[in-house]
Amino acid sequence: MNNIAPPFMRQTVLDLEESRIREVANAGMGRPDVLAFWFGESDEVTPDIVRQAAIDSMQGGETFYSHNLGLPELRQAVADYMTALHGHIGVDRIAITSGGVNALMLTAQALIDAGDEVVAVTPVWPNLTAQALVMGAHLKCVSLRPVAGQWQLDMAALKAAITPATRMLIVNSPNNPTGWTLSRAEQAEILAHCRSTGTWVLADEVYERLYYDTDTANGCAPSFLDVAEPDDRLVVVHSFSKSFLMTGWRLGWLVMPPAMTPHMGKLIEFNTSCASVFTQRAGVVALQNTAAITPRVVAHLKACRDTLVPLLQAVPGVQVAPAKGGMYAFFRLEGHPDSVATAKRLVAEAGLGLAPGEAFASEAAGWLRWCFASKDLVRLAQGVERLRAWSLQNGRGSEPVDSTI
């Protein structure tokens, strides 16, 4: 029998941290008494018309490979969809991927060499920073800073961090977990700076349709695509998961410079070969029915946000501000600086499942993420009552709330 002793894998992989969201969720999995708000997905199923498209495709025998870059009809549908939102986006800039996370990893593989410097705006979903580390990058984080619960970007600090030595900037807006959203002017300023340094921008914009301000003509969050040229060093990642209620389908897409697209097809071949055809057929139908699906999803999520946030604000010791975009309330609970321990206690003692802030960045210690994408608004109110009761029972501690954090 062969004994495999460490390091039996790349040290970079061995050093990756396990998901702290999963760590908390695993403590409550299978418990019917737990109100779970830890994962970033709605508890509402994919619309019937989209599911039926996949069923019809499978029944029709479409169980074979497709083109690496995706079905031509889906790529065209995505290009048309993006064009309607952001001006002309050619199909030669589109690649279909097996989910948004696959799109992000493909981009990292395409652009990052071991030893490259990568800058990331944090707190952020941990996969984005972990992927750069998997590729052997040197990671520099520029932290958003909370002011009265609202997280904000220090533009001067970000631009100072991005130099000609910086290979890539990773930015997620609207942001998971904070809800922070770049303005179009900020995007233009960042892009201009990255042009001057020769830095690629990887923009995770999967939450762009989940936007609750009304300051854009298309109803979306501002996008780098609105201020970029086709040949800019910009890759934008999208997914069907959030705004089409398709998290489990694992279907996404990339928008990139046209010269990059055929080479991305090669990378897709070596990763997944292609997204499944019946899943892509469902994507076509989802896009054809955007007007019937996405506005309803967004309106409901806004109702969820507007139900949850005032209730949280009424809990003693809670600091929270309504998010401009996304599907999360990110809040601080006075007197409980260790969010992993707090989240585990909330599961065990209150039957409430939240994600710990430390999962997203060290500077988010003491913060908790609540996914408010709940089909039943009553569940949100019940969850807040559990939090209130637990907080009162366990005290708020002596830690003061600083209005600048």
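The shown structure was predicted, so the numbers you read here are calculated from the model rather than taken from an experiment. (Residues numbered from 1 in each chain as written. Predicted model: local features only at pLDDT ≥ 70, side-chain atom pairs only at ≥ 80, totals over all residues. Heavy atoms only, no water.)

## Points about the overall build of the protein
Then step 1. Regarding its fold elements, the protein presents 13 helices and 15 strands.
Then step 2. Compactness check: the protein gives a C-alpha radius of gyration of 21 Å against a globular reference of 22 Å for 405 residues, within 12% of the reference.
Then step 3. Along the first, second and third principal axes, the C-alpha atoms of the protein reach 65 × 60 × 50 Å.
Then step 4. Classification of the 405 residues of the protein by burial places 55% in the buried group.
Then step 5. About 16,600 Å² of surface is accessible on the protein, with carbon and sulfur atoms providing 54% of the total.
Then step 6. The positive charge centre, built from 32 side chains, and the negative charge centre, built from 40, are 2 Å apart in the protein. (Helix = DSSP H or I, 4+ residues; strand = E, 2+ residues; numbered from the N terminus. Rg over C-alpha atoms; globule rule 2.2 N^0.38 Å. Buried < 20%, exposed > 50% of the residue type's maximum accessible area, 1.4 Å probe, protein only. Areas by Shrake-Rupley, 256 points an atom, 1.4 Å probe, with all protein chains shown as cover. Lys, Arg positive; Asp, Glu negative; His and termini not counted. Charge placed at Lys NZ, Arg CZ, Asp CG, Glu CD.)

## Considering unusual backbone geometry
Then step 1. The linkage connecting Thr-122 with the following residue, Pro-123, adopts the cis geometry, with an omega of 0 degrees.
Then step 2. Position of Pro-123 among the secondary structure elements: in the loop between strand S3 (117–122) and helix H6 (126–134).
Then step 3. The omega torsion across Ser-173 and Pro-174 is -10 degrees, close enough to zero to call that bond cis.
Then step 4. Positionally, Pro-174 belongs in the loop between strand S7 (166–172) and helix H8 (184–197).
Then step 5. Phi is positive for Ala-148, close to 50 degrees, though the residue is something other than glycine.
Then step 6. Along the chain, Ala-148 falls in the loop between strand S5 (145–147) and strand S6 (150–152).
Then step 7. Given a relative accessible area of 47%, Ala-148 falls into the partly exposed group.
Then step 8. Of note in this structure, Arg-250 is not a glycine but carries a positive phi near 55 degrees.

## Points about the nonpolar core
Then step 1. The biggest cluster of nonpolar side chains holds 128 residues, and the ones touching the most others in it are Phe-240, Leu-312 and Trp-370.
Then step 2. The element best represented in this core is helix H11 (residues 290–313), accounting for eight residues.
Then step 3. The contacts of Leu-312, once residues within four sequence positions are left out, are Val-318, Val-320, Ala-329, Phe-331, Trp-370, Val-384 and Leu-387. (Core = buried A, V, L, I, M, F, W, Y, C linked by side-chain atoms within 4.5 Å. Contact = heavy atoms within 4.5 Å.)

## A look at the packing of H11 against helix H13 (residues 377–394)
If you want to describe how two helices pack, look at the angle between their axes and the distance between the axes.
Then step 1. In contact at an axis separation of 10 Å, H11 and H13 are set at 20 degrees when each is read in the N-to-C sense. With respect to H13, the element H11 is oriented roughly parallel. In the packing of H11 onto H13, the handedness of the crossing is right-handed. Along its contact with H11, which presents His-300, Ala-303, Cys-304, Thr-307, Leu-308, Leu-311 and Leu-312, the element H13 presents Leu-377, Leu-380, Ala-381, Val-384, Leu-387 and Arg-388.
Then step 2. Its residues assigned to classes, the contact of H11 with H13 shows ten nonpolar, two polar and one charged. (Axes fitted to C-alpha atoms, helices over the stretch in contact; angles between N-to-C directions. Parallel < 35°, antiparallel > 145°, perpendicular 65-115°, else oblique. Left-handed = near helix turned anticlockwise from the far one by under 90°. Nonpolar A, V, L, I, M, F, W, Y, C, P; charged D, E, K, R; others polar.)

## Observations concerning the packing of aromatic side chains
Then step 1. In total, this model carries twelve aromatic pairs according to the counting rule given.
Then step 2. Seen in terms of ring centroids, Trp-151 and Trp-367 are 5.0 Å apart; in terms of plane orientation they differ by 65 degrees. Their pairing is edge-to-face. A residue pair is termed long-range when its members are at least 10 positions apart, and Trp-151 in strand S6 and Trp-367 in strand S15 (residues 367–371) qualify at 216 residues. With respect to burial, Trp-151 and Trp-367 carry one shared label: buried.
Then step 3. Here the aromatic residues Tyr-81, Phe-240, Phe-244 and Trp-253 are joined through ring pairs into a cluster of three or more. (Phe/Tyr/Trp six-rings, centres within 6.5 Å; stacked < 30°, edge-to-face > 60°.)

## A look at the pattern of salt bridges
Then step 1. Taken as a whole and assessed by the stated rule, the structure comprises 17 salt bridges.
Then step 2. Between Arg-281 and Glu-62 there is a salt bridge, with the nearest N and O atoms lying 2.8 Å from each other. You can see Arg-281 sitting in helix H10 (residues 277–288) and its partner Glu-62 sitting in the loop between helix H3 (48–59) and helix H4 (72–86), a full 219 residues away along the chain.
Then step 3. Accessibility expressed as a relative area gives 24% for Arg-281, which makes it partly exposed.
Then step 4. Residue Glu-62 is classed as partly exposed on the basis of its relative accessible area, which comes to 25%.
Then step 5. One connected set of salt bridges, linked through shared partners, spans Glu-62, Glu-73 and Arg-281. (Salt bridge = Lys/Arg side-chain N within 4 Å of Asp/Glu carboxyl O.)

## Details of the confidence of the model for the protein
Then step 1. In the predicted model, the protein carries a mean pLDDT of 93, and the fraction of residues at 70 or more is 95%.
Then step 2. Residue range residues 397–405 is modelled with pLDDT below 50. Its contacts to residues more than four positions away, or to other chains, number 24 contacts. (pLDDT = per-residue confidence, 0-100.)

## Section: the packing of H4 against H10
Then step 1. Running from N to C, H4 and H10 point in directions that differ by 30 degrees, and their axes come no closer than 9 Å. Relative to H10, the element H4 lies roughly parallel. The two elements H4 and H10 cross, and the hand of that crossing is left-handed. Across the interface between the two elements, Glu-73, Leu-74, Ala-77, Val-78 and Tyr-81 of H4 pack against Gln-280, Arg-281, Gly-283, Val-284 and Leu-287 of H10.
Then step 2. Residue composition of the contact of H4 with H10, by class: six nonpolar, two polar and two charged.

## Digging into the sheet that holds S3
Then step 1. Here seven strands make up an open sheet; going across it, the order is S2-S10-S9-S8-S7-S3-S4 and the pairing mixed. Strands at the two margins of the open sheet, each flanked by one partner only, are strand S2 (94–97) and strand S4 (138–143). On average, each strand axis in the sheet is inclined to that of its neighbour by 20 degrees, with strand direction left out of account.
Then step 2. When S2 meets strand S10 (residues 252–255), the two strands line up antiparallel, connected through four bridges. Across the sheet, the residue bridging to Ile-94 is Val-255, located in S10. (Pairing = 2+ DSSP bridges.)

## Let's talk about H4
Then step 1. With 15 residues, H4 extends 21 Å from end C-alpha to end C-alpha; this agrees with the ideal 21 Å at 1.5 Å per step.
Then step 2. Every buried residue of H4 is listed here: Leu-74, Arg-75, Ala-77, Val-78, Ala-79, Tyr-81, Met-82, Leu-85 and His-86.
Then step 3. Those residues of H4 that are buried lie in contact with S2, strand S9 (234–239), S10, helix H9 (261–271), H10 and H11.
Then step 4. Just downstream of H4 lies Gly-87, where phi reads positive at about 85 degrees. (Expected span 1.5 Å × (residues − 1).)

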